[in-house]
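Residue-level structure breakdown
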Amino acid sequence: MQPITITVYGAEEKCASCIHLPSALETKEWLEAAVNRKFPDYDITFKYCDIEAPLSEEEKDFSMKILDDEYFYPLVVINGEVAGEGNPKLPAIYKIIEAQL
């Protein structure tokens, strides 16, 4: 079983279409709590990436795609696979996690 890394991309300022939704950082915290409840016995790592300060090449790539309006943020990426954007849905995220376990 490979380790699973879930990265939530976002910025301090909410995107225009996400005004009434939680911030990207709040989304990461909510997602972490929900996923850890559903999969308590698995090695799942959570990261937050500020799209204005990406660190790795993958983070730079996804951040540029968000800045170029290819994706909305918060963008949820699981091991390099886009799992949700804007207002991510838990069932879709759980399905991708289960496929990788």
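Heads up: these notes are all about the structure in this document. (Residues numbered from 1 in each chain as written. Predicted model: local features only at pLDDT ≥ 70, side-chain atom pairs only at ≥ 80, totals over all residues. Heavy atoms only, no water.)

1. Considering the overall build of the protein chain
When helices and strands are counted, the protein chain shows 3 helices and 4 strands. In summary, the protein chain has a C-alpha radius of gyration of 13 Å against a globular reference of 13 Å for 101 residues, a match within 12%. Across its three principal directions, the C-alpha atoms of the protein chain cover 35 × 30 × 20 Å. Taking the contacts inside the protein chain whose residues are at least 6 apart along the sequence as the reference set, 57% of them involve residues at least 24 apart. When the accessible surface of the protein chain is summed, it comes to about 5900 Å², and 51% of that surface belongs to carbon and sulfur atoms. If the 9 positive side-chain charges of the protein chain are averaged to one point and the 19 negative ones to another, these points end up 7 Å apart. (Helix = DSSP H or I, 4+ residues; strand = E, 2+ residues; numbered from the N terminus. Rg over C-alpha atoms; globule rule 2.2 N^0.38 Å. Contact = heavy atoms within 4.5 Å. Areas by Shrake-Rupley, 256 points an atom, 1.4 Å probe, with all protein chains shown as cover. Lys, Arg positive; Asp, Glu negative; His and termini not counted. Charge placed at Lys NZ, Arg CZ, Asp CG, Glu CD.)

2. Quick look at the packing of aromatic side chains
Evaluation of the coordinates by the stated rule reveals 4 aromatic pairs. Ring centres 5.8 Å apart and planes at 75 degrees place the aromatic pair Phe39 and Tyr94 in the edge-to-face group. Residue Phe39 is located in the loop between helix 1 (24–38) and strand 2 (44–50), and its partner Tyr94 is located in helix 3 (residues 90–100); the two are separated by 55 residues in the primary sequence. In terms of burial, Phe39 and Tyr94 fall into one category: buried. Centroid distance Phe62 to Tyr71: 6.3 Å. Interplanar angle 45 degrees. Geometry classified as tilted. Linked through ring pairs, Tyr9, Phe62 and Tyr71 together constitute an aromatic cluster. (Phe/Tyr/Trp six-rings, centres within 6.5 Å; stacked < 30°, edge-to-face > 60°. Buried < 20%, exposed > 50% of the residue type's maximum accessible area, 1.4 Å probe, protein only.)

3. Thoughts on the pattern of salt bridges
For the structure shown, the criterion picks out 4 salt bridges. With a shortest N-O distance of 3.0 Å, Glu32 and Lys28 are connected by a salt bridge. Taken together, the residues Glu32 and Lys28, both in helix 1 and 4 residues apart, mark about one turn of the helix. Classification of Lys28 as buried rests on a relative accessible area of 15%. The shortest N-O distance in the salt bridge between Lys47 and Glu59 comes to 3.5 Å. With Lys47 in strand 2 and Glu59 in helix 2 (residues 57–67), this residue pair connects regions lying 12 residues apart in the sequence. Residue classification places Glu59 among the buried residues on the basis of a relative accessible area of 6%. (Salt bridge = Lys/Arg side-chain N within 4 Å of Asp/Glu carboxyl O.)

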